[in-house]
Amino acid sequence: MAKRVVSVSLGSSRRDSVAEVEVLGERVVLERRGTDGDFQGALCLIRELDGKVDAIGLGGIDLYLVAGGRRYAIRDARRLKEAAKRTPVVDGSGLKHTLERRAIYELASLIDWRRTRVLVPSAVDRFGLAEALEGVGARVLYGDFIFALGLPIPLYRLSFLQKLAFVLLPLLTQLPFGLLYPTGKEQERQVRDWRARYYRWADLVAGDWHYLRRYMPEDMRGKTVLTNTTTLEDLEFLKARGVARLITTTPRLGGRSFGTNVMEAMLVALAGRELGEEDYLRYIDLLGLTPQVLDLDGARKQEGA
């Protein structure tokens with residue numbers, strides 16, 4: 001009998017999908033169910049699934065924001081997790097911290113990081129990624145103030161962002177999550193404003209897909225996007241903007257790359273328990289998870305042939 005994993009997302013239901021895969025000799029059904037930003041709907045769905053599925057992923061919301069080894073629980077996300085009494089609930093942060101960090105080092109044979117300018121719109125959502133980029137010597141612009149708070153304050157030192165996060169995150173994580181991150185139809189809204197100039201500065205933009213898409217300018221010619229959770233529709237979006245290369249940190253299944261919350265929930269379902277960092281690293285090796293690189297320039301040329 002196949003194991004069943006469901007991602008309950010605050011994002012748009014238009015992105016819903018189901019895929020069945022065989023992993024380490026076991027069949028696993030991966031399902032994504034969006035609630036269009038309806039927080040109460042997500043609570044009810046988690047309660048309905050509790051005890052009936054092997055693991056639940058939280059999509060479109062993080063359980064924690066992280067800075068310098070400290071974790072700050074997001075109040076709304078904690079309510080969602082506590083809605084399940086029997087089924088484990090994960091948000092993908094364990095896999096992000098390990099898989100995305102490792103991906104940066106694995107990409108060193110493809111990308112000369114020391115000569116690459118990188119925009120990370122939200123580093124507190126991807127702190128492992130941010131630390132790895134600093135470790136390989138990339139020139140990184142951390143855009144947390146710019147994109148989350150709307151303040152034109154670019155940060156170029158992770159240590160400075162970390163100190164500010166120690167002060168601000170205890171307050172920000174108590175706010176309604178919709179004020180921190182787009183949910184439901186807001187995820188599909190495009191914002192055209194002064195923040196586009198930071199994309200123009202960068203050679204590569206990295207992080208959460210919805211953040212990247214929301215502020216992405218029309219002209220992205222020659223640039224690389226490093227993210228996950230992209231659909232076929234998202235690929236067309238990137239091609240239309242001239243993006244040269246898409247790198248996803250999770251494998252493509254059924255025409256899309258699933259979010260880290262889905263993949264983490266899959267590993268928890270396989271293990272039958274919640275996992276630690278060493279467990280995630282072991283599974284990454286067992287499954288051979290490596291960054292997936294798509295040459296969008298080449299795809300455009302073939303389509304035009």
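It should be noted that the structure appears before, not after, this text.
Definitions and limits used
- Residues numbered from 1 in each chain as written.
- Predicted model: local features only at pLDDT ≥ 70, side-chain atom pairs only at ≥ 80, totals over all residues.
- Heavy atoms only, no water.
- Helix = DSSP H or I, 4+ residues; strand = E, 2+ residues; numbered from the N terminus.
- Rg over C-alpha atoms; globule rule 2.2 N^0.38 Å.
- Contact = heavy atoms within 4.5 Å.
- Areas by Shrake-Rupley, 256 points an atom, 1.4 Å probe, with all protein chains shown as cover.
- Lys, Arg positive; Asp, Glu negative; His and termini not counted.
- Charge placed at Lys NZ, Arg CZ, Asp CG, Glu CD.
- Phe/Tyr/Trp six-rings, centres within 6.5 Å; stacked < 30°, edge-to-face > 60°.
- Buried < 20%, exposed > 50% of the residue type's maximum accessible area, 1.4 Å probe, protein only.
- Lys NZ or Arg CZ within 6 Å of the ring centre and 35° of its normal.
- Pairing = 2+ DSSP bridges.
- Axes fitted to C-alpha atoms, helices over the stretch in contact; angles between N-to-C directions.

Enquirer: How do you make sense of the overall build of the protein when you look at a structure like this?
Expert: Helix and strand counts for the protein come out as twelve helices and 15 strands. The C-alpha radius of gyration computed for the protein amounts to 18 Å, which stays within 12% of the reference 19 Å derived for 305 residues, consistent with globular compactness. In terms of its C-alpha atoms, the protein occupies a principal-axis envelope of roughly 50 × 50 × 35 Å. Of the contacts formed within the protein by residues at least 6 apart in sequence, a portion of 65% connects residues at least 24 apart. When the accessible surface of the protein is summed, it comes to about 13,200 Å², and 50% of that surface belongs to carbon and sulfur atoms. Of the charged side chains in the protein, 46 are positive and 40 negative, and the gap between their average positions amounts to 4 Å.

Enquirer: I keep staring at the packing of aromatic side chains and nothing clicks. Help me out?
Expert: The geometry of an aromatic ring pair is captured by the separation of the ring centres together with the interplanar angle, meaning the angle of the planes. Applying the stated rule across the entire model yields five aromatic pairs. Here the aromatic rings of Trp209 and Phe237 are separated by 6.0 Å at their centres, their planes lie at 90 degrees, and the arrangement is edge-to-face. With Trp209 in helix H8 (residues 209-215) and Phe237 in helix H9 (residues 232-240), this pair connects stretches of sequence that are 28 residues apart. The burial state of Trp209 is the same as that of Phe237; both residues are buried. Three or more aromatic residues joined by ring pairs form one cluster here, namely Phe147, Tyr199 and Tyr215. Sitting over the ring of Phe166, Arg70 keeps its end group 3.8 Å from the ring centre.

Enquirer: It is not clear to me how the sheet that holds strand E15 (residues 292-295) should be interpreted in this structure. Could you clarify?
Expert: Backbone-to-backbone hydrogen bonds pair the strands of a sheet. The strands run either parallel or antiparallel. What the six strands build is an open sheet, ordered E9-E8-E10-E11-E12-E15; its pairing is mixed. The sheet is open, and its two edges are formed by strand E9 (139-142) and E15, each paired on a single side. On average, each strand axis in the sheet is tilted by 20 degrees relative to the strand beside it, whichever way the strands run. Contacts between helix H4 (residues 127-135) and the sheet are confined to strand E8 (117-120), E9, strand E10 (204-206) and strand E11 (224-227), with E9 contributing the most and set at about 150 degrees to the helix.

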